[in-house]
Amino acid sequence: MDSVLLHEEAEGYIQSLEKMSLRDIGSPRWFRQHEFIEKLNMQAILNASANQEEFIKDLFVSLGKIPTLVHAMILTEVWKHKVFPKICKLQDFNPKSTFLLYMVIHHEATIINLLETIMYHKESSEAAGDCVLDLVDYCHRKLTLLVGRSVSGEISTQDRITHTQISGTASVQDLQKQSDMLEFEISIKALSVLCYITDHVESLSLSVLSRMLCTHNMPCVLVQLVENCPWKRGTQEKYTEGKWRAVLPEDQLKLSKHDGQVWIALLNLMLKPDCQRKYDFNSFNKTQLLKLRGFLTDVVIDQLPNLLDLKHFLSQLALTDPVAPKKDLILEQLPEIWNNIVMENDKKWKAIAKYQVTNVFNPSESELREQASRLAQTYNLDVMENLIPDKPKCGACGRTGVKRCSRCQGEWYCNRYCAF
C-alpha cells in the first residue's frame, strides 16, 4: 500500500496549521490548509488500516496542534449553522461551480475523521489540553442531534455523495441536502471520539468529568442511543463503514461497532470510581439508567463480557438510593471556542455571507482550473481506492471492475466490451 506522505512532509503540514477567522473560510489560505488536512487524514487512515506506526498522531501530539484542529472543526460547524443558510437564501448567487462550497461543508467531516484516529490514544487526550472541554461539548451537540433525528424519523435513507461523485454544477439546494446527510456521518464519528475520551477520563481534568456527567448528563444521552439505535433500520440494514448495508440473517443479533462504543462509554462513565462519585443518581437519572437492563441480554453480554459488571451494577442500583454527590465549591474551566467564534461574529453573519459569495465562492475560469488541478492531486484516486472497503463494480454488468474510465475517473468496467 502506497504512502500519501513522507514523515517530513507530514511534519511540515502539521507545523503550518493555524487558527483562522470565519471570514477566512474558503480563501486560498484556507483552501491550502484544507488540502493539508485531507492528506494528513488519508495518511492516518492508511497507517491505521495497515497497523503501521501512527506517526501522524505522534506529530500532532509533539507539535501541540490538536487544539488547532479542534478550532478548525468548530469554526466550520459555526459557519454551517450561521453563514451557509444565509448564502443559500441569496437570490443572486449563481456560481459557475459549487465544488468549493462542498469542500467547506465536507471540511468538518474530514477533521472529525482525523480526530477519531488520533484521539484513540491517551497521550492525544492529554495533549489536547483545555480544548477537550470544547470537544466534549461538540460531541454532545452531535449526539443530541442524532437522538433527535432518530426519534423524529429524520435519519437519511441515502448514502452521502463522495468527493469523486459530487458534480461541480450541483445547486446550492443540493448542497444543503448533502450537508444534512453528512451530519449523520459526523455524529457517528463524534460518538467514537466521545468513547475514547471516556477511556482516558482518569488522566483528564475534573472539569471534563463534570462537563460530561453534570452539565450534559452524557449517561442519559447514551441511554437514548441504546433505545433508538439510529445506525439500524429494523433488522434489515445497519450503517457500517460509512454506508447502509444489508444485514445477513445470522448477523442480526451481532453488535455493530457503534453499539459497542455506546456500551463502552456507558461502562466508563458508570463504573469508574471518579465517575460514580461525581454523578448524581437522582430519581430521573436512575429511571433512565435502569432501562438498560432490558437491553443487556445474554447474547449482548456474550459479545461484550465486561457488560456483566454493568448488569450487576444496575441490579444494585435498582435496590439502593446512592448518596448524592457533594456539591463542593470548585472553579471549573469552561469551553471557549464556540462562544468566542459566535461572540466575535455576532450580527455579522449576513455580511460574511455576502463577502464570501462575492470574493470566495464565485471563482473565475482560471481559478476553477487551478482548483481542479490541485484537487486532483489531493484526492489521488489510486490511493483513495485503498481506503474503500468494497471492490468497485462494473457500471454495465455489475461484476468486479478492473479498469477505471479514463474520461470521468469515476465509473469502472470489467472489460473493454462493457466500456462501450
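On a predicted model such as this, the values are computed, not experimentally measured, just so you know. (Residues numbered from 1 in each chain as written. Predicted model: local features only at pLDDT ≥ 70, side-chain atom pairs only at ≥ 80, totals over all residues. Heavy atoms only, no water.)

> Please explain the pairing of strand S2 (residues 237-240) as it appears in this structure.
As a general feature of sheets, a regular strand has side chains that alternate between the two faces. Inspection of the sheet shows strand S1 (residues 232-233) paired to S2 by two bridges, in the antiparallel sense. Bridge pairing links Arg233 to Glu237 in S2. Between S1 and S2, which follow one another and run antiparallel, lie three residues, and Gly234 among them has a positive phi close to 60 degrees. Pairing analysis gives four bridges linking S2 to strand S3 (residues 243-246), with the strands arranged antiparallel. Bridged to Glu237 within S3 is Ala246. (Pairing = 2+ DSSP bridges. Helix = DSSP H or I, 4+ residues; strand = E, 2+ residues; numbered from the N terminus.)

> How should I be thinking about the packing of aromatic side chains in this particular structure?
Where two aromatic rings form a pair, the distance of their centres and the angle of their planes describe that pair. Under the definition given, this model contains 10 aromatic pairs. Relative to Phe36, the ring of Tyr13 has its centre 4.2 Å away and its plane inclined at 15 degrees; by these criteria the two rings are stacked. Here Tyr13, found in helix H1 (residues 7-16), pairs with Phe36, found in helix H2 (residues 28-49); they are 23 residues apart in sequence, far enough to count as distant. Residues Phe99 and Tyr102 carry aromatic rings whose centres are separated by 6.2 Å and whose planes lie at 50 degrees to one another, so their mutual orientation is tilted. Taken as a pair, Phe99 and Tyr102 lie in helix H6 (residues 99-118) at a separation of three residues, close to a single helical turn. (Phe/Tyr/Trp six-rings, centres within 6.5 Å; stacked < 30°, edge-to-face > 60°.)

> Please explain the packing of H6 against helix H9 (residues 172-199) as it appears in this structure.
When two helices pack together, their arrangement is given by the angle between the helix axes and by the axis-to-axis distance. The contact between H6 and H9 brings their axes to 8 Å, and the two run at 15 degrees. On the basis of their axis angle, the class for H6 and H9 is roughly parallel. Between H6 and H9 lies a crossing of left-handed hand. The residues of H9 that touch H6, namely those facing Leu101, Tyr102, Ile105, His106, Glu108, Ala109, Ile112, Asn113, Leu115 and Glu116, are Leu175, Gln178, Ser179, Leu182, Glu183, Ile186, Lys189, Ala190, Ser192, Val193 and Tyr196. Classifying every residue of the contact of H6 with H9 gives 12 nonpolar, five polar and four charged. (Axes fitted to C-alpha atoms, helices over the stretch in contact; angles between N-to-C directions. Parallel < 35°, antiparallel > 145°, perpendicular 65-115°, else oblique. Left-handed = near helix turned anticlockwise from the far one by under 90°. Contact = heavy atoms within 4.5 Å. Nonpolar A, V, L, I, M, F, W, Y, C, P; charged D, E, K, R; others polar.)

> Please clarify how the environment of Ser203 should be interpreted in this entry.
If you trace the backbone, Ser203 turns up in the loop between H9 and helix H10 (206-215). Separated by 81 residues in the primary sequence, Ser203 and Lys122 have C-alpha atoms spaced 8.0 Å apart. If we ignore the near neighbours within four places in the chain, the residues touching Ser203 are Lys122 and Glu126. A polar atom in the side chain of Ser203 sits 2.9 Å from the backbone oxygen of His200. (Polar contact = N/O pair within 3.5 Å; in protein donor to acceptor, adjacent residues only side chain to side chain.)

> Could you clarify how one ought to interpret the confidence of the model for the protein in this entry?
In regions of low pLDDT, the predicted coordinates are not meant to be interpreted in detail. Across the protein, the average pLDDT comes to 85, with 82% of residues at or above 70. When pLDDT is averaged over each helix and strand of the protein, the minimum, 46, is found for helix H20 (residues 381-385) and the maximum, 97, for helix H4 (residues 66-82). Within the model, pLDDT remains below 50 along residues 381-389, and this stretch shows 19 contacts once partners closer than five positions in the same chain are excluded. (pLDDT = per-residue confidence, 0-100.)

> Help me understand unusual backbone geometry in this model?
One non-glycine residue, Cys229, lies in positive phi territory at about 45 degrees. Assignment of secondary structure puts Cys229 in the loop between helix H11 (218-228) and S1. Using a relative accessible area of 12% as the deciding quantity, one classes Cys229 as buried. The backbone of Lys347 shows a phi angle near 70 degrees, a positive value even though the residue is not glycine. (Buried < 20%, exposed > 50% of the residue type's maximum accessible area, 1.4 Å probe, protein only.)

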